[in-house]
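The primary structure of each chain is shown beneath.
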Amino acid sequence: MKKRRKLSFEELVKENKRELLKDDKAMERIEQRLESRHLEKAE
């Protein structure tokens, strides 16, 4: 097996962002959560 090198925090963030941008359902959930938070703060 190939040994994976440790990724820096920034590399992990970039990798997660790429994966999320590909996942439409996850993006939809995130958008809904953000929207509900903004609505709560506006009240």
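Residues numbered from 1 in each chain as written. Predicted model: local features only at pLDDT ≥ 70, side-chain atom pairs only at ≥ 80, totals over all residues. Heavy atoms only, no water.

1. Describing the overall build of the chain
Phase 1: From N to C terminus, the chain includes 2 helices and 0 strands.
Phase 2: Seen through its C-alpha atoms, the chain measures out along the principal axes to roughly 55 × 20 × 10 Å.
Phase 3: Carbon and sulfur atoms provide 53% of the accessible area of the chain, an area that totals close to 5000 Å².
Phase 4: Between the mean site of the 14 positive side-chain charges and the mean site of the 11 negative ones, the chain shows a separation of 11 Å. (Helix = DSSP H or I, 4+ residues; strand = E, 2+ residues; numbered from the N terminus. Areas by Shrake-Rupley, 256 points an atom, 1.4 Å probe, with all protein chains shown as cover. Lys, Arg positive; Asp, Glu negative; His and termini not counted. Charge placed at Lys NZ, Arg CZ, Asp CG, Glu CD.)

2. A look at the packing of helix α1 (residues 9-22) against helix α2 (residues 24-42)
When two helices pack together, their arrangement is given by the angle between the helix axes and the distance between those axes.
Phase 1: At a minimum axis distance of 5 Å, the contact between α1 and α2 shows a crossing angle of 100 degrees. In this view, α1 runs roughly perpendicular relative to α2, as classed from their interaxial angle. For the pair α1 and α2, contact is made by L20, L21 and K22 and by D24, A26, M27 and I30, respectively.
Phase 2: Of the residues contributing to the contact of α1 with α2, the split by class is 5 nonpolar, no polar and 2 charged. (Axes fitted to C-alpha atoms, helices over the stretch in contact; angles between N-to-C directions. Parallel < 35°, antiparallel > 145°, perpendicular 65-115°, else oblique. Contact = heavy atoms within 4.5 Å. Nonpolar A, V, L, I, M, F, W, Y, C, P; charged D, E, K, R; others polar.)

3. Details of α1
Residue pairs three or four apart in sequence face the same way in an α-helix, which turns once every 3.6 residues.
Phase 1: Spanning 14 residues, α1 covers 20 Å between terminal C-alpha atoms, matching the ideal 20 Å at 1.5 Å per step.
Phase 2: With respect to burial, α1 is a largely exposed element, only 0 of its 14 residues being buried. (Expected span 1.5 Å × (residues − 1). Buried < 20%, exposed > 50% of the residue type's maximum accessible area, 1.4 Å probe, protein only.)

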